[in-house]
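Overview (structure and organization)
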Amino acid sequence: DIQLTQSPSNLSASLGDRVIITCRASQSISDWLAWYQQKPGKAPKLLIYKTSSLETGVPSRFSGSGSGTEFTLTISSLQPEDFATYYCQQFWTFGQGTKVDIK
Amino acid sequence: QVQLQESGPGLVKPAQTLSLTCSVSGGSMNSGGNYWSWIRQHPGRGLEWIGYIYYSGGTYYNPSLKNRVTILLDTTKNQFSLRLSSVTAADTAVYYCAREISMVRGNWFDPWGQGTLVTVSS
């Protein structure tokens, strides 16, 4: 079974910072990966699909890239509403999550 | 715009069967490429995919749960349901229903229901 490992698991950042979250797959199965944002008490929200396609309504400061076994989610300039936990997903496996909080 | 809403008991006794329903509005469940999934999240933990059902009735379950899981479809009511048997405290979690959009090269989940907390306790 494929495993997805996100790094870091926790990240402290300041407003305006550029944030990069990495998701590494245990094997190369697909070049497609999705990213979700989850805030406390809420359902996950799709941010990016097909590795780099931005879901409708998601701010352009979010971007995704990667291929093979390494993928990244980048937030170009962290905003107050971006403090949340982020998950990557490929097929039916999710990463363990990366919690982004205020530095 | 498709919306999903979970419903069902919030408390289940150990060894009993957990039953949840997901109501789908704003779209047809019969569209090809759309799979109807259940995903759960243990308190303070990550996301675990449980299984899906396709509009044709075909199912695929997480191997770690497949002996206890049944997902059923009722297109006349635009609903699908989850049955998880022989529950223990380890099944206490927030349960989400979600639409899985699936293609040959991969898939993603959107939208999600709001989630419902199910506690297993006597």
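Located above this text is the structure these notes cover.
Because the structure is a prediction, the values reported are computed rather than measured.

In this section: the pattern of salt bridges. Per the stated rule, a full pass over the model turns up six salt bridges over all chains. With a closest N to O distance of 2.8 Å, aspartate 82 of chain A and arginine 61 of chain A form a salt bridge. A residue pair is termed long-range when its members are at least 10 positions apart, and aspartate 82 of chain A in the loop between β8 (70-75) and β9 (85-90) and arginine 61 of chain A in the loop between β6 (53-54) and β7 (62-67) qualify at 21 residues. In this structure aspartate 82 of chain A comes out as buried when scored by relative accessible area, which is 1%. Arginine 40 of chain B is the salt-bridge partner of aspartate 91 of chain B, the closest N and O atoms lying 2.8 Å from each other. Placement of the pair is aspartate 91 of chain B in the loop between β8 (79-84) and β9 (93-103) and arginine 40 of chain B in strand β4 (residues 34-41), with a sequence separation of 51 residues. Look at the salt bridges and you will find they share partners, linking Arg40, Glu48, Arg68 and Asp91 of chain B into a network.

Let us now look at the side chain of glutamate 6 of chain B. When you line up the elements, glutamate 6 of chain B lands in strand β1 (residues 3-7). Notably, glutamate 6 of chain B is buried but unbridged: the nearest opposite-charge side chain belongs to lysine 42 of chain A, and the N-O separation is 12 Å. There is a polar contact of 2.9 Å between the side chain of glutamate 6 of chain B and the backbone nitrogen of cysteine 97 of chain B. Here glycine 115 of chain B takes part through its backbone nitrogen, which lies 2.9 Å from a polar atom of the side chain of glutamate 6 of chain B. Excluding its chain neighbours within four sequence positions, the residues that come into contact with glutamate 6 of chain B are Thr21, Cys22, Trp38, Tyr95, Tyr96, Cys97, Gly113, Gln114, Gly115 and Thr116 of chain B.

A few words now on the pairing of strand β3 (residues 18-25) of chain B. Residue and element names in this part refer to chain B. Where burial is concerned, the two faces of β3 differ: the one with Leu18, Leu20, Cys22 and Val24 is buried and the one with Ser19, Thr21, Ser23 and Ser25 is not. Judged from the five bridges that link them, β1 and β3 form a sheet pairing that is antiparallel. Opposite glutamate 6, over in β3, you have cysteine 22 as the bridge partner. Both β3 and β8 contribute to a ladder of six bridges, which runs antiparallel. Each bridged residue has a counterpart across the sheet, and for leucine 20 the counterpart in β8 is leucine 82.

What follows concerns the environment of asparagine 107 of chain B. Within the secondary structure layout, asparagine 107 of chain B lies in strand β10 (residues 106-112). On a C-alpha basis, the gap between asparagine 107 of chain B and serine 7 of chain B in space is 25 Å, while along the polypeptide they are 100 residues apart. When near neighbours in sequence (up to four residues on either side) are disregarded, asparagine 107 of chain B contacts Ala34, Gln89, Gln90, Phe91 and Trp92 of chain A together with Glu100, Ile101 and Ser102 of chain B. In this structure the side chain of asparagine 107 of chain B is engaged in a polar contact, spanning 3.0 Å, whose partner is the side chain of glutamine 89 of chain A.

Taken as a whole, this structure holds two disulfides over all chains when the rule is applied. Each sulfur in the disulfide pair cysteine 23 of chain A and cysteine 88 of chain A lies 2.1 Å from the other. Taking the torsion about the sulfur-sulfur bond, which here is approximately 70 degrees, the covalent link between cysteine 23 of chain A and cysteine 88 of chain A counts as right-handed. Taken together, the positions of cysteine 23 of chain A in strand β3 (residues 19-25) and cysteine 88 of chain A in strand β9 put the pair 65 residues apart, joining distant regions of the chain. Across the pair, exposure class does not vary: cysteine 23 of chain A and cysteine 88 of chain A are buried alike. In this model cysteine 22 of chain B forms its disulfide with cysteine 97 of chain B; the gap between the sulfur atoms is 2.1 Å. The S-S bond linking cysteine 22 of chain B to cysteine 97 of chain B shows a torsion near 65 degrees; that makes this disulfide right-handed. Placement of cysteine 22 of chain B in strand β3 and of cysteine 97 of chain B in strand β9 is noted, with a sequence separation of 75 residues between them.

Cut-offs used in this document
- All residue numbers refer to position in the chain's written sequence, counted from 1.
- Working convention: letters from A go to chains and numbers from 1 go to ligands, in the order in which they are written.
- Per-residue local features of the predicted model are confined to residues with pLDDT of at least 70, and side-chain atom pairs are confined, for both listing and counting, to 80 or more; whole-chain, interface and lining totals are unaffected and use all residues.
- For the side-chain quantities, the full set of heavy atoms in the structure was used; hydrogens and water were omitted.
- When a carboxyl oxygen of Asp or Glu lies within 4 Å of a side-chain nitrogen of Lys or Arg, that pair is called a salt bridge.
- Under the DSSP-based scheme used, a helix requires at least four consecutive residues in state H or I and a strand at least two consecutive residues in state E, with every element numbered from the N terminus.
- Relative accessible area decides the class of each residue, using a 1.4 Å probe on protein chains only: under 20% of the type maximum gives buried, over 50% gives exposed, and in between gives partly exposed.
- Under the convention used here, Asp and Glu are negative, Lys and Arg are positive, and both His and the chain ends fall outside the count.
- Throughout this description, a polar contact denotes any pair of N or O atoms lying within 3.5 Å of each other; where both atoms belong to protein, one of them has to be capable of donating a hydrogen while the other can accept it, and for residues adjacent in sequence the pair is counted only when both atoms sit in side chains.
- Contacts are assigned to residue pairs with any non-hydrogen atoms lying within 4.5 Å of each other.
- Strands are treated as partners if at least two bridges between them are detected by DSSP.
- Criterion for a disulfide: a pair of cysteine sulfur atoms at a distance within 2.5 Å.

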